[in-house]
Amino acid sequence: MLKLSKNPQLVRLKTRGESVCPISKTVDSFEVTLEYIPRGVALAIEEFKKMVDSYRGREILHEELAVDLLEKVKSVVNPPYVKVTLKSFYAGVEVEVVAESGGTQPLYI
């Protein structure tokens, strides 16, 4: 966690990760994007990467993973708004899972 003297309007972090599908027992690769509005503190990039890497080898559905990651971020930096988007491909189908919490979604112009 990093203390901020000035708060940006939105922070967006994106990386790749792996988990294990609890149904097929195969490795699931995914891309995850975290968006949040900081409130005095920001999540260190290394902390975000550690959170994502903690799912490596863990059996978890992507739907659950997105919500779990959102809850971890909320417990660390307590943002007024946070959104986790997880994207992957399974059997030729693009899967996108969104977990969101807090006020209204930021307006992108």
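Residues numbered from 1 in each chain as written. Predicted model: local features only at pLDDT ≥ 70, side-chain atom pairs only at ≥ 80, totals over all residues. Heavy atoms only, no water.

Caption draft 1: Examining the sheet that holds strand S6 (residues 93-102) more closely. As summarised here, the arrangement of the four strands in space is S2-S3-S5-S6, forming an open sheet in which the pairing is antiparallel. Two strands close off the open sheet at either side, each with one partner strand: strand S2 (11-20) and S6. Within this sheet the neighbouring strands show an average axis-to-axis angle of 20 degrees, counted without direction. Pairing of strand S5 (residues 81-90) with S6, which is carried by 10 bridges, proceeds in the antiparallel orientation. Counterpart to Ser88 in the pairing with S6 is Val95. Along the sheet face, helix H1 (residues 45-53) touches S2 and strand S3 (27-37) and points at about 25 degrees away from the line of S2. (Pairing = 2+ DSSP bridges. Helix = DSSP H or I, 4+ residues; strand = E, 2+ residues; numbered from the N terminus. Axes fitted to C-alpha atoms, helices over the stretch in contact; angles between N-to-C directions. Contact = heavy atoms within 4.5 Å.)

Caption draft 2: Molecular detail of the side chain of Thr85. With respect to the element layout, Thr85 can be found in strand S5. With residues up to four places along the chain from it excluded, the contact list for Thr85 reads Glu31, Val32, Thr33, Glu96, Val97 and Val98.

Caption draft 3: View of the pairing of S3. Two strands pair when backbone bridges link them, and S2 and S3 are joined in this way by 10 bridges, in the antiparallel orientation. In the strand pairing of S3, Val11 is matched with Tyr36. Direction of pairing for S3 relative to S5: antiparallel, over a ladder of seven bridges. Following the sheet pairing, Glu31 is matched in S5 by Lys87.

Caption draft 4: Region of the structure containing H1. Restricting attention to buried positions, one finds in H1 the residues Phe48, Met51 and Val52. Each buried residue of H1 sits inside an arc of 95 degrees when the element is viewed along its axis, so together they form one side. The outward face of H1, more than 90 degrees from its buried face, is lined by the exposed residues Glu46 and Lys50. Contacts from the buried residues of H1 go to S2, S3 and helix H2 (62-77). (Buried < 20%, exposed > 50% of the residue type's maximum accessible area, 1.4 Å probe, protein only. Arc of directions from axis to C-beta.)

Caption draft 5: Region of interest: the confidence of the model for the protein chain. Counting all residues, the mean pLDDT for the protein chain is 91, and 94% of those residues have values of 70 or more. Across the protein chain, S2 holds the top mean pLDDT of 97, while strand S1 (residues 2-3) sits lowest at 82. (pLDDT = per-residue confidence, 0-100.)

Caption draft 6: Expanded view of the nonpolar core. Counting residues in each nonpolar core, the largest one holds 25 residues, and the members touching the most others are Leu34, Tyr36, Leu43, Phe48 and Leu69. Elements represented by at least two residues in this core include exactly S2, S3, strand S4 (41-42), H1, H2, S5 and S6. Element by element, the count of residues in this core is highest for H2, at six residues. If we skip the residues at most four places from it in the chain, Phe48 touches Leu13, Lys14, Thr15, Val32, Leu34, Leu43 and Leu69. (Core = buried A, V, L, I, M, F, W, Y, C linked by side-chain atoms within 4.5 Å.)

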